[in-house]
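What follows is each chain in one-letter form.
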Amino acid sequence: MRKPLIVWLFLCMAAYPAVEPEFHIPFEKFKLANGLRVILSRDTSLPVIAVYMVYDVGARSEDKGSGGFALLLEHMMFDGSANVKKGEHAGYVHSNGGELNGTAHLDYTDFYDVLPSNRLALALWLEADRMRSLAITEDNLRIGKETVQQEKRRVYEGQPYRGAIADKWAPLIFSEPHNTRSAMASADDLAAATVDSVATFFRTWYAPNNAVLTISGDFAAADARKMVEQYFGDIASQPQPPRPALSEPARAEGKTLTVPDPLARVPAVVIGWPAPKRHTPDWYALYVLDAMLTAGRSSKLEMEMMKGRQSVLQVDENLGWPSATPLDFKDPGYFAAFLIYKPNFTPEDVVTQYQQVIDDIAANGIRATELRRVKAVMKLSKANGLQSSLERARQLGVAEVIDGDAGAVDRDYAGVLAVTAEQVQAAAKKYLMAAHRDVMIVRPAPGAAK
Amino acid sequence: MRTLLLALVAATLAAQPVDRNRPPDTPSVRAWKLAPVFETTLPNGLTVVLVEDNRVPMVTMRLVFPCGSRRDPKELPGVASAVAEMLMQGTAGRTGSQIIESVDEIGGSMSAAAGSDQIALSGNTVAESLPEFLEIASDVVRNASFPELELKVFRQNRRQVVARQRAQPAYAASEAFRAIIFGDHPYSRLAPNPAALDQLTQKALEDYRDKFLTPNNAYLILVGKLPARAQAMKVVSDQFSSWQRKPVVEIADPAPPAAKRRLILIDRPGALQTSIQIGMLAAMQRDEDYFPAVVSDAMLSPELPADARAEPSGLDEAGIFAIAMQEKTEAAGDALQAMIGRLGRMATALPTAQELTDAKTAASSAFLLRLESQAGLAENLALLKVLHLPAAYIESYTARIEAVQPDEVRQATTKYLTPDNDTIVVVGDASKLQPQLQKIGTFEVFRAK
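The model shown is predicted, which means the values in this text are computed figures rather than measured ones. (Residues numbered from 1 in each chain as written. Chains lettered and ligands numbered in written order. Predicted model: local features only at pLDDT ≥ 70, side-chain atom pairs only at ≥ 80, totals over all residues.)

As a further point, take the pairing of strand β8 (residues 273-282) of chain B. Residues and elements named next belong to chain B. When you tally the buried positions in β8, you get 9 out of 10 residues, the bulk of the element. The sheet contact formed by β8 and strand β10 (residues 319-328) spans 10 bridges and is antiparallel. Residue pairing for β10: S275 is matched across the bridge by Q326. Across 5 bridges, the pairing between β8 and strand β11 (residues 423-428) is antiparallel. Considered in β11, the bridge of I278 is made with I424. (Buried ≥ 20, exposed ≤ 12 C-beta atoms within 10 Å, placed from the backbone. Helix = DSSP H or I, 4+ residues; strand = E, 2+ residues; numbered from the N terminus. Pairing = 2+ DSSP bridges.)

We now examine the sheet that holds strand β3 (residues 58-65) of chain B. Residues and elements named next belong to chain B. The strand order across the open sheet formed by 6 strands is β1-β2-β6-β3-β5-β4, and the pairing between neighbours is mixed. Taken across any chain shown, the strands that pair with only one partner, and hence form the sheet edges, are β1 (37-41) and β4 (108-114). The average undirected angle you get between the axes of adjacent strands in this sheet is 15°. Two elements, β3 and strand β6 (residues 219-224), share 6 bridges in a ladder whose sense is antiparallel. Pairing of R62 across the sheet is with I221, part of β6. (Axes fitted to C-alpha atoms, helices over the stretch in contact; angles between N-to-C directions.)

Attention shifts here to the interface of chain B and chain A. Listed by partner, the interface residues are 42 residues for chain B and 38 residues for chain A. Going through the elements one at a time, α3 (96-105), β4, β5 (119-126) and α12 (353-370) of chain B are the ones with two or more residues in the side of chain B that touches chain A. For the side of chain B that touches chain A, the element with the highest residue contribution is α12(B), accounting for 9 residues. Here the side of chain B that touches chain A is composed, by residue class, of 20 nonpolar, 13 polar and 9 charged. (Contact = placed C-beta atoms within 7 Å. Nonpolar A, V, L, I, M, F, W, Y, C, P; charged D, E, K, R; others polar.)

Residue and element names in this part refer to chain A. Here the domain parsing of chain A yields domain 1 (25-232) and domain 2 (256-444). Spacing between the C-alpha centres of domain 1 and domain 2 amounts to 28 Å. Elements with a minimum of two residues in the side of domain 1 that touches domain 2: β2 (37-42), β3 (48-55), β5 (109-116), α6 (162-173) and β6 (211-217). Residue contributions to the side of domain 1 that touches domain 2 peak at 6 residues, all from α6. (Domains from an automatic or database assignment.)

How big an interface is tends to be stated in terms of accessible area lost as the parts join. All names here are of chain B. For chain B, the assigned domains read domain 1 (37-240) and domain 2 (262-447). When each unit is reduced to the centre of its C-alpha atoms, the spacing between domain 1 and domain 2 is 29 Å. Contact with domain 1, which involves 27 residues of that partner, is made by 31 residues of domain 2. Take the side of domain 1 that touches domain 2: its biggest share by element is 9 residues, from helix α6 (residues 169-182). Of the residues contributing to the side of domain 1 that touches domain 2, the split by class is 18 nonpolar, 6 polar and 3 charged.

Looking now at the sheet that holds strand β11 (residues 438-444) of chain A. Residues and elements named next belong to chain A. Here we have 5 strands laid out as an open sheet, ordered β7-β11-β8-β10-β9, and mixed in their pairing. Single-partner strands in this sheet number two, and they are β7 (256-261) and β9 (312-319). Neighbour-to-neighbour, the strand axes of this sheet turn through a mean angle of 15°, independent of strand direction. The pairing of β9 with strand β10 (residues 334-341) spans 7 bridges and is classified as antiparallel. Residue pairing in the sheet places E317 in a bridge with A337 of β10. The strands touched by α6 within the sheet are β7, β8 (268-274), β10 and β11, with β11 carrying the most contacts at an inclination of about 155°.

Position of A:S381 among the secondary structure elements: in helix α13 (residues 368-385). Exposure remark for A:S381: the 15 C-beta atoms within 10 Å place this residue in the partly exposed category.

Right, here's the structure in full:
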C-alpha cells in the first residue's frame, strides 16, 4: 500500500512545479454510477456552503439549428421542474438569505446557490430536480425565447461595441464553424426552436455524465456524499454528447476588418493574435505578459497609452478576451486587447502605438522589477479569489470541466509563478508580431442602419 | 438505553430514502465563533485590532477615523470626502503615481473613502509585504499633501459628479428626505453645492487632516495571515508609534427633530419615472429594537417592487428606516398607496410563523455570507468602532435575530414605519402626480433644484 503512494507523490511532483501550500485548494473527487463528477472542498470557518453545478455545454457545443440553445436553457433552468414551480428556485434561495445565478459561456454553463450550511440539502434538491425534470413546456419555451431576445437587445444590440464584437470578431480570427459562433443567440435558430428540439438538446448535454457538482464550505464529507447520492444517484445518464473538434488550421498572416457601429460615439479597435496551447510554458508566459500590460493601477498600457501618449481612454485586455479570463474556455484560445481611443487619433496610430509596446518587450525584454511587480499583483488576485466558498467552488468546477482536472487550478498558478523574464520576451517575439496580427476597427457611424 | 434508542432511530432515518417531492427539512444553522479578536492601544492612542485568518496568505486592512462628513464644518460641506479622495494623490515624499506604483509593486491594493461617520483607508496585501504596505498607509494618512493641481482636477470632477447625481430623481429624493429627517444635524447633507466646492482649498484639507486624522482618533484593523503576535505588533509600532497624539476635538451635534408626518412633492415637469422615499428616524445598531427592525425589513423586502428596497441604515447618532421606490409616473400613486397599506397591516397584524422564520433566516444568512471575506469581516470590525457597538455584536448577530419575537416585529414596524409619523418624498411630474396623491394627503410642492 505504502510504496505505490510514494511513487504516486513522486510522479505528481515531477509533473507539476510545486505550489505554495498556502494557495492549494484542498478537495476530494468522486464519481456517481451515472457519471456525475462530484468535488468536495471543505472549509469550516463559517456556516456557509456554495453548491456549484457546471455543465459541459456552451455556445461552442451548439450546431446548425441549435444556435443559442445554451443561453436559452440557462434561462429556462429557472422556470421550474417536477417539484419546483416557476420562480420558486430563486424564492427558496432568497428566503434563506442566499445568492444564486446562472451563466452560459463559450464552453460551459454554470449555476450556483450560496446558502447557510444547514441548507445544503435544499440546494442539492433544487439542482437535482431541474437536472432530472426540467419543465420544457410550450409556455416556458415561449417565455425563454422572449427573455433571450430581450437580453440580446439589452446586452449586445443596445450597447456600443458589444454587438460588433459578438458578431464579427470570432469569424475574423477563427475558421472552424463552432469557433466562429456569435455570442449573440441566433435569431433564426431561436425562432425555429421547438419543445422537442430543446428537450433533445437538454437531454443530451445536461445529463449527469456531462456535469460536475462542486460543494465547498462547511459540511461533513460523509453527509454530503450521502445527500448527493440520495438526490442525484438515480438520474439516468445519457450517451456522451458529440464533441466538435475545435482545432484551427495554422495561418500565414493576420486580417483587418472595419465595422461601422451606429451606437458607438468614440472609436475603438481590437488587436489580437492566436494563443499557444493551454498550460504550456508559452501560454503561461503570455499570461504574465498580459498581466504586465493590464494588471494593477500602474500597468504598462495604463502608463504608456492612457497616461503617456494619452491616446487611449479605456483598455480591456486578456489572454482569451472577450471571455473574462483565459481559464474560461477550451483551446483554441486567443490573446486580444480592446482599446477605446480618442477620436483625434487614427486607428493606425493606436495599433502602431500598441505594437510598439509589444515590440519593445520583444526587443529589449522586461526588467526583473516589472516581473516581480506583476507576480505580486497576480498573487494578491489569487489570494482574493480563494476567500469565498463560491469562488473556490467555481475555480475547481470550471477546471474540472475545461481541463478534465480540478487540480489544474494549482498547476496554473505554479506555471505562472515559474515564468522568467526571458520567457516573456521570447513569447512576445514568437506570438505577437505585426505580421500575424488581427485587427478589427469599430468606427462610430451615427445614424447608420443596424 | 436512551442513547441506544436514539442511535436506532438515527439508523432507521438514514436508511430511508428522502422524499424528493418536497423541499428537505433542515436543522437550524449551527453555532459558530469568530476567530479571537485581539485589541490593544499604542501609547499615542492608536487602537490596533488584529484577527488571524490563515486561510489565504493575505492581510486586509481598515484604518478608520470616526469623523466623516458629519464633522464637516457648516461652511465647508464636502471637506471629509475631499480629504478621502485626495488622500492618495501625494504625500510629502511621494507623488500620487508613486503611491500607486509602490502599492502595486508589493502586491497590494489601497483606496480611501469617506462616509457620514468615518474616513477609511482600506486595502489588502500579500502577507509577506505587510511591513511595506503599512509604511505606505502610514505615509498617506500622516503626510497627505493635497497638491493644488490635483485638487483643482478633483473640484472640477466633483462639480460634474454632483450635478449628474442631482439630475437623477432617486438621488434628489434621498437628498430631500435626509434634509427633512435630520434638520440641523449634519447627517442632513448628502452633497455640497457647487459654490461650496471652491472653499475646499489645500489649507482647508490640511486643517481637517490635522484635526481628525490623528492616532488617538484612529483604529487600525488587520485581518489575515499575520506574523506571530509580538512580531505583528512590532511591524505596526515601527510604522505608527512616532505619530503624534493631538487634542481630541469634541463636537456636539444638534439632535435631529422629532418625527412628524411630512409630505413633499418635488416637481420635475415631464419626468416619466417617479422616485419615492418613505421612512423616518429609526433604531440604531446598538439599540435593542434594531434586530426586530432588521427582521421587519427582511419581511418587507421580498414583497417590494424589483427596484425598491427597505433598510434600517445604521449611523452613529441616528438610524433611518427608509423604503426607496421607483415607479412609472402614471402608477406612482397606486404603488405608494399600496405600500402605505402594507406597512399599516404589518403594524397591526402579527407575522405568521412561516413569515417570521423566513425573514429571520434571510436576515442572518445575508449577514453570515458577508463575513466570508476578510474585507467583510474587517468592515464589520470597523463598524463596531464607528457605531460604538459592543464587541459581541458580530458573533451574537445571528442568535439575536433568531430570538426576535412576533410581537417585537409588529412593534418595530409600528414605531418606525407607522404612516402617522413618516416622511414621504415624491420626485416626479407634479401635474400628473398631484391628482394621484390626493388620497394620501396634501403634499407641499417644491420646484426641483
